[in-house]
Amino acid sequence: MPVTSSPATPPASSFAPDSLVLNRKLPLWYQVSQSLRASILGRAPDASLRLPTEEQLAAHYGVSVLTMRQALKELEEEGLINRHRRRGTFIEPAARRGAPVRLLGSIDAIVAQQSGEPTTVLGHGPAPVPGELAEYFPDCDAVVTYRRLRRDGRTGEPTNWAENAVRPDLAAGIDVSDLERWPMTKVLRDSVGVRISRITDTVEARLADPLTAELLEVPLLSPILHYTGVSYDAAGRVVDVARIRYRGDRFSFSVTVEAR
């Protein structure tokens with residue numbers, strides 16, 4: 001009788017953190033932790049749960065081992081990783097993805113914070129400039145709007161939904177499928193070639209309107225965090241206004257002030 005065997009289960013692919021351009025004006029540990037956080041949440045389904053060693057990660061990011069340890073401590077406190085002496089550092093498979101909304105950082109830090117969650121493009125198209133955004137687009141009669149819904153990759157629970165208003169001349173270069181993988185900031189910078197010089201952030205408490213309540217699956221008029229991010233190019237022109245509604249029961253607001 002011939003002997004048959006089942007094909008072996010392919011081994012998990014190794015975990016590969018994204019690259020990062022460091023801004024020396026900001027705490028290095030914070031930038032590294034946010035970049036690594038995005039890599040963890042956006043990892044491939046078959047990726048290994050074991051992280052490279054502290055020394056390997058430090059070399060990858062170009063920082064000291066001490067800085068790397070501080071970054072890993074931040075992720076451990078968030079519940080994304082577990083560290084075991086002699087065994088190594090492992091991604092927590094059941095880690096809850098709700099995270100603080102932090103106002104600290106470079107463009108890379110903002111991109112990292114908004115990356116990693118499964119995203120659905122709800123719709124896009126040209127629209128008249130909303131009255132509340134008229135001050136940002138004084139030379140435009142219309143903008144192109146993009147609506148996206150982000151979900152927790154583990155539970156499928158909606159966590160936030162975003163609405164971007166983009167200048168029409170720049171929207172022509174956007175591949176909508178990229179918005180299922182990356183934040184608008186990264187798409188404009190890396191795919192369209194916009195040199196983003198700064199982003200002005202505002203976070204405020206609001207009550208869920210009917211559309212937000214429906215998309216985020218929360219009661220009408222329940223508390224939410226409303227984020228507005230205004231992106232400027234090198235010439236000082238507004239290129240994108242992002243309005244993101246976060247579930248109030250899944251996110252908090254955090255500001256870090258560095259003492260000099």
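Given the structure is predicted, the values throughout are model-derived calculations rather than measurements. (Residues numbered from 1 in each chain as written. Predicted model: local features only at pLDDT ≥ 70, side-chain atom pairs only at ≥ 80, totals over all residues. Heavy atoms only, no water.)

1. Points about the overall build of the protein
Put simply, the rule is: Secondary structure elements are taken from DSSP: a helix is a run of H or I of four residues or more, a strand is a run of E of two residues or more, and numbering for both begins at the N terminus. Type-normalised accessible area, obtained with a 1.4 Å probe on protein chains alone, sets the label of each residue: buried when under 20%, exposed when over 50%, and partly exposed for intermediate values. Two residues qualify as a contact provided that any one of their heavy atoms is within 4.5 Å of a heavy atom in the partner residue. We get accessible surface area from the Shrake-Rupley algorithm with a probe of 1.4 Å; when it comes to residues, only the shown protein chains can shield them.
Counting secondary structure elements, the protein contains seven helices and ten strands. For the protein, the proportion of its 260 residues judged to be buried stands at 47%. Considering only contacts in the protein between residues 6 or more positions apart, those separated by 24 or more positions represent 62%. As displayed, the protein offers around 13600 Å² of accessible surface, 52% of which is attributable to carbon and sulfur atoms.

2. Re the pattern of salt bridges
Quick reminder of the rule: Whenever Lys or Arg places a side-chain nitrogen within 4 Å of a carboxyl oxygen from Asp or Glu, that contact is recorded as a salt bridge.
According to the stated counting rule, one finds 15 salt bridges in the structure shown. Residue Arg83 pairs with Glu54 through a salt bridge whose shortest N-O separation is 2.5 Å. With Arg83 in strand β1 (residues 81-84) and Glu54 in helix α2 (residues 54-61), the pair connects residues that are 29 residues apart, well separated along the chain. The exposure class assigned to Arg83 is partly exposed, which follows from its relative accessible area of 27%. Put simply, Glu132, Arg147, Glu163, Arg243 and Arg245 are held in one network by salt bridges that share partners.

3. As for the packing of aromatic side chains
Definition in use: Classification of ring pairs uses Phe, Tyr and Trp, with its six-membered ring standing for Trp, and accepts pairs whose centres are within 6.5 Å; under 30 degrees between planes counts as stacked, over 60 as edge-to-face, and the remaining range as tilted. Look at NZ for Lys and CZ for Arg. If either is within 6 Å of the ring centre and within 35 degrees of the ring normal, a charge sits over the ring.
Within the structure shown, the criterion is met by one aromatic pair. Both rings, one in Trp29 and one in Tyr30, keep their centres 6.0 Å apart while their planes meet at 85°; by these two values the pair is edge-to-face. On the basis of relative accessibility, which here comes to 1%, the residue Tyr30 falls in the buried class. In this structure, Lys186 is placed above the aromatic ring of Trp182, and the distance from its NZ or CZ to the ring centre is 4.7 Å. Over the aromatic face of Tyr232 sits the side chain of Arg198, whose NZ or CZ is 3.8 Å from the ring centroid.

4. Observations concerning the environment of Ile224
Tracing the chain through its elements places Ile224 in strand β8 (residues 223-233). Measuring from C-alpha to C-alpha, the distance between Ile224 and Gly248 comes to 4.2 Å, with 24 residues separating the pair along the chain. Other than its neighbours up to four places away in sequence, Ile224 contacts Glu204, Ala205, Arg206, Leu207, Ala208, Thr212, Arg245, Tyr246 and Gly248.

5. Brief notes about α2
Operational definition: Note: the arc covers the axis-to-C-beta directions of the helix.
Residues of α2 that are buried include every one of Glu54, Leu57, Ala58 and Tyr61, and no others. On an axial view of α2, the arc spanned by its buried residues comes to 100°, and they lie on one face. The elements touched by buried residues of α2 are α1 (28-41), α3 (65-78) and β1. A positive phi of about 75° marks Gly62, the residue just after α2.

6. Examining the sheet that holds strand β6 (residues 158-166)
Operational definition: We call two strands paired when DSSP finds no fewer than two bridges between them. Here an angle of 0 to 180 degrees is reported between the N-to-C directions of two axes, which are lines fitted to C-alpha atoms, with helices fitted over the stretch in contact.
Taken together, six strands build an open sheet; the order of strands is β4-β5-β6-β9-β8-β7 and the sheet is antiparallel. Only two strands of the sheet have a single neighbouring strand rather than two, namely β4 (119-128) and β7 (196-207). Put simply, the sheet's adjacent strands are angled 15° from each other on average, direction ignored. Where β7 lies against β8, eleven bridges are found, and the strand directions are antiparallel. By the bridge assignment, Asp201 is partnered in β8 with Gly229.

7. Focus on the nonpolar core
To be explicit about the condition: Throughout, nonpolar core names a set of buried Ala, Val, Leu, Ile, Met, Phe, Trp, Tyr and Cys residues whose side chains join them through atoms within 4.5 Å.
Within the largest apolar cluster, 22 residues are counted, with the highest numbers of intra-cluster contacts made by Tyr146, Val166, Ile174, Leu179, Met184 and Leu188. When residues of this core are traced back to their parent elements, those giving at least two are β5 (142-151), β6, α5 (168-171), α6 (184-192), β7, β8 and β9 (238-247). Apart from residues lying up to four places away in sequence, Leu188 is in contact with Val166, Leu170, Ile174, Gly193, Val194, Ile196, Val239 and Asp240. In this structure, Leu51, Tyr61, Ala71 and Ile91 belong to the second largest nonpolar core, which totals 19 residues.

8. Some points on α1
Along an α-helix, residues three or four positions apart point the same way, because every turn accommodates 3.6 residues. Note the cut-off: What a helix is expected to span follows from its residue count: subtract one and scale by 1.5 Å.
Along its 14 residues, α1 runs 20 Å from first to last C-alpha, staying within 8% of the 20 Å computed at 1.5 Å per residue. Among the 14 residues that make up α1, 13 are buried, leaving the element largely enclosed by the rest of the structure.

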